[in-house]
Structures are given as C-alpha cells and as structure tokens.
Amino acid sequence: MKAYETLTIAATLPTVLEPLRTLAKNLRWSWRSEAERLFESIDPELFDRSGRNPVVLLDSLPASRVAELEADAEFLARMHHELEDLESYLSVERWFARTTRDSADAKTSIAYFSMEFGITQALPVYSGGLGVLAGDHMKSASDLGVPIVGIGLLYTYGYFTQSLSREGWQQEHYRAHPPSELPIDPVVDADGNQVHVSLQFPDDKTVDIALWKAQVGRVPLLLLDTDLPTNPEEFRAITDRLYGGDVEHRIKQELVLGVGGVRAVQEYARVTGTPAPDVFHMNEGHAGFSGIERIGQLMAAGETFETALASVRASTVFTTHTPVPAGIDRFDVQLAHRYLAVDEHGESRLVPKIPVDRVIALGAEDDPSRFNMAHLGLRLAQSANGVAKLHGVVSREMFKGLYPNFEADEVPITSITNGVHIPTWTRPAMKPAILAMSGNRDLSTAARWTEANAVGTDELWRIRNELRGDLVEAARRSVHDSWIARGAQDAELSWVRDILDPERLTVGFARRVSTYKRLTLMLQDADRLARILQNEDRPVQFVIAGKAHPADMGGKQLLQEIVRFADEAGVRDRFVFLPDYNVTIAELLCAGSDVWLNNPIRPQEASGTSGMKAVLNGCLTFSISDGWWDEFDDDRFGWTIPNAVHGDARTRDRMESASLYDLLEHSIAPMFYDRDERGVPQEWLGKVRDSISILGPQISAERMVRDYVTELYLPAGRAAVAVADAAAPRAFAEWQRTVERAWPAVQVTQVASETPAPVAGGEVRIRATVELGELSDDDVRVEVVVGTRGEHGDLVDTATVPMHADAGTPDVYTAVVPVDRPGEFAYTVRAVPRHELLKSPAELGLVRLPR
Ligand SMILES: *Cc1c(COP(=O)(O)O)cnc(C)c1O
C-alpha cells in the first residue's frame, strides 16, 4: 500500500549526552581509537551502517537507546573522560609554539589548498593517496600545533563506492551526502549567518559559494560548497563529485578552489578574528589559481604585476605529486581565457585588474595551445618540492625546461618525503608496541625510536596474528556482502566462510588502478602464481583491493582479470579481491598483511604511502625500488624486486614478475614458515622489529610536517614578512628589469687554473675575467662550479665556490678551491644574478658561461 503521508521525526539528545555532539564534531576521534570505540559501543551495527559516521549515528538513535545511555554510569564516565582528553589535547602547548617561541616565526600562518582531504570515511571528500596525504598533513599539523588552515571542496557525492557485477566488472555508486549528515558546521558571521564568497564567471554569471568547516583537532578545514539554491543548476553541479565530468567542469572546480579558496580563507580569518594566512601551500597544481587571486588583490591595491608576482612567489609553496607528464593537469588555453573573462579594457572579470595575457604566460608550456597547472604552480611559488628523494630528481629533470641554461640538479625543486600519521594508521593492537619501542616518547616529535627491544618476539607475533586474523574476518564479511550484491544467494556462499586462513602468509596489494602501478603484474605467469598459492608446505594468500577511475575501461579490465583469475584458477579461497578500497579497508589491509607488495614501473611512483602504513603495523615491504622505498630500500626491512633496466616494456614486465615469484617462493615464504620449537618465526620478527623501529620515525607524517615547517613554511613566512613592505618587491621588480636588460653585456673570458700540479689534499686556484657592464658585484655572483665530467661532457655532481674580485686588477676574479679526492677535477666559471629575494640562481633563467 502507498504511504498516506511522510513525517520527519527529529532526533533529540538530552543535555547529559550533549558532549557526544562535541566529540563527533571534532574529527580528532578519527585518530583516537578510544573515542571511536565510544561511538561504536553505542550501537555497533548502526555505527557500521552509518559509514562509521558519529553524526549520522547520533541522529538515528532510537529514543529507547538514548534513555539507556543516559542511565549508564560507565558510559557517561567514558564520555567525560574523552571530553576531558579532547580539551587537554586542544590546550596543551605543542611543538610549533616551543620551536618558534621568542621569534617572529611564531606569527606565521599557513593556508593549505588541496582538491581532496582523506581524514575519515565519514567525510567523503577524497579519492586516494593525494587526499589521504592531505588528511594526514592536517592531523599531524594539529598534533604539532602548526597554525594551518586547510581549504578544499565539499562534494555532494564525494567519490564513488565500488561493487562488482557478476562478471567482475566494476560498478560505481554515488550517494548524496547532505551537509547535515557530515561532521562539519557552517562558518558563521557575528549574526549567525553562514559566510559566503562569490566568483564572477563568463556571461556575467555569479557563482555563490558557502563555507563549511570540519574541525581536525586544532586545525580548521574549510570546505567550499556551490550546491546552493541561489546558484543556477550548472553551478550547483560544480562541487558535485571528485574527478568526474569534463575539462570545463574541472577548471570550474579549480577556480572555485583557488580563487574562491583565497577569498574564503580571508573571510574566515575576518569573522573569527584569527590572523589571515601569509604562507600559501598549493598541494598539486589544482590550486594554482590561488596565486592569481592573490596577485589580483595586490594589483587592486596599486601594485604592478611584477611587484605583485614577486610578493606572491616569496610566500608560496608548491608540491608536485606526479613524475608522469600525462598526470599533469593541462587546460586548453582558450578555456582558461574564457574563464579569466577579459573585458573591453583587457582586464579579467574573474580577478579584476590582472592582465590576462601575463597570467596565461605563467601557465605556458611547449604546446602553445595548453595552459599547464604544474608550470603555473612552479612559476607562482618560490619554494617547490617533490614527495620523495627520487621524485625530486625526476621532477628537476622533468621541469628543467622552465629554467633555461641550468642543469637539472640546480632546478629549484627540493624534496620532502611523504609520511603517514602514526595514530591514524597504527592499529590499536600495535599501538602499545610502538610506544614501547619509541621509549614512550611523544611520537609526534621523536626523531628516533630507541627501545626496539622493549617488545619481545612472542608479543610481536601475537600482535601480528591478531592483525592478520582481523583482516581475514573482515575479508570474509566483505566478500560475502559483495557476492550478495553480485546477485548470489546466501545458500551458495558457504565457501566464503572459509576463505583465507588466519595462519597463512598473506600478501597485501591495494592500489588506485593506474597503468604504471601494474595491478596485474602478479598474473604474468598465472600458473606459477597458482602453484605458489597452493604450495602444500608454504601456502601463500593474496588480498587485493583497488578502484579504477569510472572512465578508465582499461583499468576496469585489469580489475576483472584479477577477479576472473581467482574464480578460474580455483584459488578463490586464497586470492581474494576486497571491493570498495577506502581508508577503512586500507587500515585493515595494510595492517593484516605480512608483506606489502608494490610493483610500479620505476620511477613513476612519486612516493606511495600505503607501504608506510604497512610498516607501522609490522608488515614487511616487498617492492620495486621506487618512490619512498627507493631511499629506504634495505634487506633489513623487506625485499626489493630488482629493476629490469634493459629491454622493452614486455621484457621488463616478464623479468620483474619473474623476480617477484622468485623472491616470494624462495625467500619470503621460507623465512615466514621457518619456525622455532614454539612456532615463532624468529628471523622474520627480527626484520619486523627493525622495520618498525628504524623506519617508523622516518616515514611518519609528523616528521614530514616538521620538515615542511622548518624547510619551507618558516622561510616562506620570513620572505613574506620581507616583502610585506611593498618597497621590497617593488625594488626587486625594478632590479629584475635592470638585470634582464643589462645581462647581454655580462661576459666571462680568460678562465684559467693557476695551480700547475694540483694534489689531493691541496687546492686549485682559479682565475677569470668577468665583465659586468652596467651591473655590479651586488647584482651578480661570480662562482666556480666544480664536479666531474658526465656522459656528454657536461658537469655532474656539482658544487659551487664563490669567486672574489681581485683588489688590484679590474674585472679579474679568483677563487681557491680545496680538492680532496685524486682523479678528475672538472670545473667552469659562471656569472648568475644575485639578490636577497632570489632563493635559487636558476629562478630568472639568467647565467653567463665562458665563451
Ligand atoms: C594510503 C591510501 C592510498 C595511497 O596508497 P599508495 O601507496 O600511494 O597507492 C590510496 N587510497 C587509500 C584509500 C589509502 O588509504
């Protein structure tokens, strides 16, 4: 029968239980297991069904359960304990305050822009690694007390959830998440009205943007929302979903994030009376338009474009995340033009006052029809970094075209290796062991863990078995539900109850499905894999998860191959695909596996972070030497699949997969099953202990955020102060014009070594004639570049030594270079621009070498 009418019954929470709302609205619960368990204990089943979302949980509690909780003294005590813990977490002095006390650095305030933030499954505004990294950055910044504000988008549908068809084909599901169901609050002004900002889009249309805030411990995360009744349908859809839609949809999102984000964070500072940010961090090129808005604001205040650019550059940090050119965001120049919407005076309506052609030039690349967001980021930011050491090297090579005349190793892109937030990614069962190994230090600041032996192998083995057991149990549930969703009947599924074995060597593999990550490398020789899985004495099982982008048919085919292999090779009990890879699955999988497999095509994995989550839980690494593992790669912590450097792609895949099987069969499995008389794998656990205690402190997001603060944020903050006095960037812009004009007259001639027979341990004296024309020693640095001669006669492994003007002879410069090693000593002399606002000599692309 049809419903006659539908009413909405409001949930009420009595005053004694109000603290639950306070706890639910601060996402600190997402990394404090006691708090999460408090919510779970209210109604475990309802909590799971709510997507582990305490806000939905509290809004759907039956009145009878509320009455029970009100009368449950033990529950109320736990709730109050959690509330006090949160209050003390928010008030205790933290690392940032201690480090910057008594210095002007204490006033630095940072805005962090990212297209996605992966904080908890309950706030679905992420898709994968980039988002999880941004989420961990916020959490660690909170732990360290770093004054940062996150800026992102509030997606109505978030990213899709995944299920499989009967044929193993990925199905995507999008569910709307109204703000009332999310752990967020509106940002309100003094009158209690939600704060809005707006953007001017083509055809004189205005986009209205509402501001929401998620509180991540001490860190506010602002989320921008265009799904408002005040917007026309086409603008409501801007923040509909993450990485969906066409390029035009994408540029609109990036304009809302960048231009809207700057306006939003400034409004937020105004209504809350907090300092407006002075350092701007763009996490990937998606946020590049933020720099354009800031230039526009300075120009509206009367600055020239050059001066404004110098100011913005000084205070901007840009992080690149992809070593693959195809992974870079590029727009049609015409599209960028259209949105910058030039009026009859050649000015933009989107960002009034900016000269559109200059902005287009900031995003220029080889192909004149493209507007390149990574190039925009690099040209707008004086500080730039990749996300692992190897990725730094690859990025310097990839972007060296932007710094003409300089070698790749001088391209001003440094690296800060990614990390993962320890309290989030360490399972509760492992936390006490981690604390003991660190010597019970504050994990957010301990740079070294000193008590590796504080946890015995028996205890480690118990924890490892518990984590593997949790994974097996969760996998059985998940696979059962997934088959029901694929149309199976409960009765056909009895086999699912016995899939996986809590004692078997477990290989974990979870990835966003991207060609370079090679999801199916393990299937190169399917028969051999099947034999390894079914080995009688040393059986192996694989647990796999991954999502393909909805438009990526090739990726979906790979997923299907995985599922089909499990069914066809008769190994569905030991080769298991878990649907819907998200942060909850990642927690279980990274922790419950014994080895974490990672087989990208080197060097295309910028960093990778899932392997770090695995390390923290005592899972060993089994990886190609790429991303983060390239700098930590060591037999003590796992196994490295040797890189096949020669041959075509097919040969490479064949060779690398053969190494994968060999290692698994002949090294990993034998060591795992090598037990003492009590069944404990001593050698294995020794590795586990080394891996956790030595790598742990280095792969933590706490270390990463400290590095960002000391190496990039604080210097950028100081530079921001230096250029805040408008005279400084004005003088710099003036100087730059002069230097560019006068540069052709700078000449380096008559370079010579004056040490006839140099010996190791001695020195080489070098002399050169350098004419500076109109410029002076204040504008130009003359230096010797020393190194060795590379393949094409170019200098490699370089270092520089300044040269000084010879007091007696005009235009003559000399330097004395100490030499340590015998053998080849190659050098040259060069002149480069010198100015205190230049961070790297490569920035202006000006250099003069001997003729
Ligand atoms: C950690 C994580 C990632 C990133 O893993 P990679 O090693 O970079 O592939 C992706 N997705 C989810 C859900 C994660 O938790």
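As the structure is a computational prediction, the values presented were derived from the model and not from experiment.

Calculation criteria
Residues numbered from 1 in each chain as written. Predicted model: local features only at pLDDT ≥ 70, side-chain atom pairs only at ≥ 80, totals over all residues. Heavy atoms only, no water. Helix = DSSP H or I, 4+ residues; strand = E, 2+ residues; numbered from the N terminus. Rg over C-alpha atoms; globule rule 2.2 N^0.38 Å. Contact = heavy atoms within 4.5 Å. Areas by Shrake-Rupley, 256 points an atom, 1.4 Å probe, with all protein chains shown as cover. Domains from an automatic or database assignment. Axes fitted to C-alpha atoms, helices over the stretch in contact; angles between N-to-C directions. Parallel < 35°, antiparallel > 145°, perpendicular 65-115°, else oblique. UniProt positions renumbered as here; feature names shortened; annotations may be inferred. Buried < 20%, exposed > 50% of the residue type's maximum accessible area, 1.4 Å probe, protein only. Pairing = 2+ DSSP bridges. Near = heavy atom within 4 Å. Polar contact = N/O pair within 3.5 Å; in protein donor to acceptor, adjacent residues only side chain to side chain. Salt bridge = Lys/Arg side-chain N within 4 Å of Asp/Glu carboxyl O. Phe/Tyr/Trp six-rings, centres within 6.5 Å; stacked < 30°, edge-to-face > 60°. Core = buried A, V, L, I, M, F, W, Y, C linked by side-chain atoms within 4.5 Å. Expected span 1.5 Å × (residues − 1). Disulfide = S-S within 2.5 Å.

From N to C terminus, the protein includes 28 helices and 27 strands. For 851 residues, the compact-globule formula gives about 29 Å, and the C-alpha radius of gyration of the protein, at 29 Å, lands near that figure. Dimensions of the protein along its principal axes, counting C-alpha atoms only, are 95 × 70 × 50 Å. Intrachain contacts of the protein at a sequence separation of at least 6 include 72% that bridge at least 24 residues. As presented, the protein carries roughly 34,800 Å² of accessible surface, and 49% of it is formed by carbon and sulfur atoms.

For the protein, the domain assignment lists domain 1 (15-91), domain 2 (109-418 + 707-722), domain 3 (433-440 + 452-691) and domain 4 (742-843). The C-alpha centroid of domain 4 is placed 66 Å from the C-alpha centroid of domain 1.

At a closest axis distance of 9 Å, the pairing of helix H11 (residues 289-300) and helix H15 (residues 373-380) adopts a crossing angle of 45°. One finds that H11 runs oblique with respect to H15. Across from Phe 289, Gly 291, Ile 292 and Ile 295 in H11, the residues of H15 making contact are Met 373, Leu 376 and Leu 380.

Take the UniProt feature "modified residue: N6-(pyridoxal phosphate)lysine" (unreviewed entry) in the protein next. With numbering aligned to this structure, UniProt lists the feature "modified residue: N6-(pyridoxal phosphate)lysine" (unreviewed entry) at Lys 613. Position of Lys 613 relative to the elements: it lies in helix H23 (residues 610-616). Ignoring anything within four residues of it in the chain, the contact list for Lys 613 reads Val 132, Val 420, Trp 425 and Cys 590.

Let's shift gears to the pairing of strand S27 (residues 826-833). Within S27, seven of the eight residues are buried, which leaves the element mostly enclosed by the surrounding structure. Both strand S23 (residues 780-789) and S27 contribute to a ladder of eight bridges, which runs antiparallel. Across the sheet, the residue bridging to Gly 787 is Ala 826, located in S27.

It is worth spelling out the UniProt feature "domain: DUF3417" (unreviewed entry) in the protein at this point. This chain's UniProt record puts "domain: DUF3417" (unreviewed entry) on residues 13-123. Note that residues 13-123 is 56% helix and 4% strand, and that its end C-alpha atoms are spaced 22 Å apart.

In this section: the site of the ligand. Close to the ligand lie 14 residues; Lys 517, Ala 586, Thr 609, Ser 610 and Lys 613 are nearest. In the environment of the ligand, an oxygen atom lies 3.2 Å from a nitrogen or oxygen atom belonging to the backbone of Thr 609. In the model, an oxygen atom of the ligand is placed 2.6 Å from a nitrogen or oxygen of the Lys 613 side chain. If the ligand stood free it would expose 390 Å²; the protein chains cover 94% of that surface.

Another aspect to go through is the pattern of salt bridges. Tallied over the entire structure, the rule returns 56 salt bridges. Each of the salt bridges in this network shares a partner with another, and the network as a whole consists of Arg 28, Arg 32, Glu 34, Glu 82 and Asp 85.

Judged by pairing direction, the sheet is antiparallel, and its three strands sit side by side in the order S24-S23-S27 without closing on themselves. Two strands lie at the open edges of the sheet, namely strand S24 (795-802) and S27, each paired on one side alone. Each strand axis lies, on average, 30° off the axis of its neighbour in the sheet, ignoring direction. In the sheet, S23 pairs with S24 via six bridges, with the strands oriented antiparallel. Its bridge partner being in S24, Val 785 is matched across the sheet by Thr 800.

Another aspect to go through is the packing of aromatic side chains. According to the stated counting rule, one finds 21 aromatic pairs in the structure shown. Seen in terms of ring centroids, Tyr 112 and Phe 117 are 6.0 Å apart; in terms of plane orientation they differ by 55°. Their pairing is tilted. Residue class for Phe 117 comes out buried when judged on its relative accessible area of 1%. Between Trp 628 and Phe 632, the aromatic rings sit 5.9 Å apart at their centres with planes inclined by 45°, giving tilted as the arrangement. Side by side, Trp 628 and Phe 632 carry an identical accessibility label, which is buried.

The next thing to look at is the pairing of strand S4 (residues 170-173). Direction of pairing for strand S3 (residues 161-164) relative to S4: antiparallel, over a ladder of four bridges. When the bridges of S4 are listed, Ser 163 appears paired with Gln 171. Two successive antiparallel strands, S3 and S4, enclose a turn made up of five residues, where Gly 168 displays a positive phi of approximately 80°.

Moving on, we come to the environment of Val 680. Relative to the assigned elements, Val 680 resides in the loop between helix H25 (649-672) and helix H26 (682-695). Considering only alpha carbons, one finds Val 680 and Arg 462, 218 residues apart in sequence, at a separation of 9.5 Å.

Turning to the environment of Leu 844, a few remarks are in order. Mapping Leu 844 onto the fold places it in the segment after S27. In the structure, Leu 844 is positioned 14 residues away from Arg 830 in sequence and 15 Å away in space, judged by C-alpha atoms. Excluding residues that lie within four positions of it along the chain, Leu 844 makes contacts with Trp 735, Gln 736, Pro 833 and Leu 838.

Here we take up unusual backbone geometry. Between Arg 602 and Pro 603 the backbone carries a cis peptide bond, its omega angle lying at -5°. Here Pro 603 shows up in the loop between strand S18 (595-598) and H23.

Looking now at the side chain of Asp 85. Here Asp 85 shows up in helix H6 (residues 73-91). Within the structure, the side chain of Asp 85 is placed 2.6 Å from the side chain of Arg 28, a separation counted as a polar contact. Residue contacts for Asp 85: discarding those within four places in its chain leaves Arg 28 and Arg 32.

Attention shifts here to the nonpolar core. Among the nonpolar cores identified, the biggest contains 141 residues, and Val 146 and Ile 295 are the most heavily contacted of them. Each of domain 1 (15-91) and domain 2 (109-418 + 707-722) contributes no fewer than three residues to this core. Excluding anything up to four places from it in sequence, Val 146 contacts Trp 95, Phe 96, Ile 110, Ala 141, Val 219, Val 705 and Val 709. Among the nonpolar cores identified, the runner-up in size contains 101 residues, and Leu 443, Leu 519, Ala 530 and Phe 577 belong to it.

The end-to-end C-alpha distance of H6 is 27 Å, a good match for the 27 Å that 19 residues give at a rise of 1.5 Å each. Inspection of H6 places Phe 75, Leu 76, Met 79, Glu 82, Leu 83, Asp 85, Leu 86 and Tyr 89 among the buried residues, and these make up the whole buried set. Where H6 is buried, its residues touch helix H1 (19-25), helix H2 (33-42), helix H5 (63-70) and helix H8 (129-144). With a side-chain oxygen lying 3.1 Å from the backbone nitrogen of Glu 74, the N-terminal cap of H6 falls on Asp 72.

Okay, the packing of H8 against helix H27 (residues 701-724) next. Where H8 contacts H27, the two axes come as close as 9 Å, and the packing angle between them is 80°. Overall, the two elements H8 and H27 adopt an arrangement that is roughly perpendicular. For the pair formed by H8 and H27, the contact residues are Leu 133, Asp 136, His 137, Ser 140, Ala 141, Asp 143 and Leu 144 on the first element and Ala 701, Glu 702, Met 704, Val 705, Arg 706, Tyr 708 and Tyr 713 on the second.

Here we come to the state of the cysteines. In a disulfide, the sulfur atoms of two cysteines are held together by a covalent bond. The tally for this structure, following the rule as stated, stands at zero disulfides. In this structure Cys 590 is a free cysteine whose sulfur lies 7.5 Å from that of Cys 619, the closest cysteine sulfur available.

What follows concerns helix H28 (residues 727-742). For H28, which comprises 16 residues, the first-to-last C-alpha distance of 22 Å matches the rise-based estimate of 22 Å (1.5 Å per residue) to within 8%. Every buried residue of H28 is listed here: Pro 729, Phe 732, Ala 733, Trp 735, Val 739 and Ala 742. Contact partners of the buried residues in H28: helix H12 (305-314), H27 and S27.

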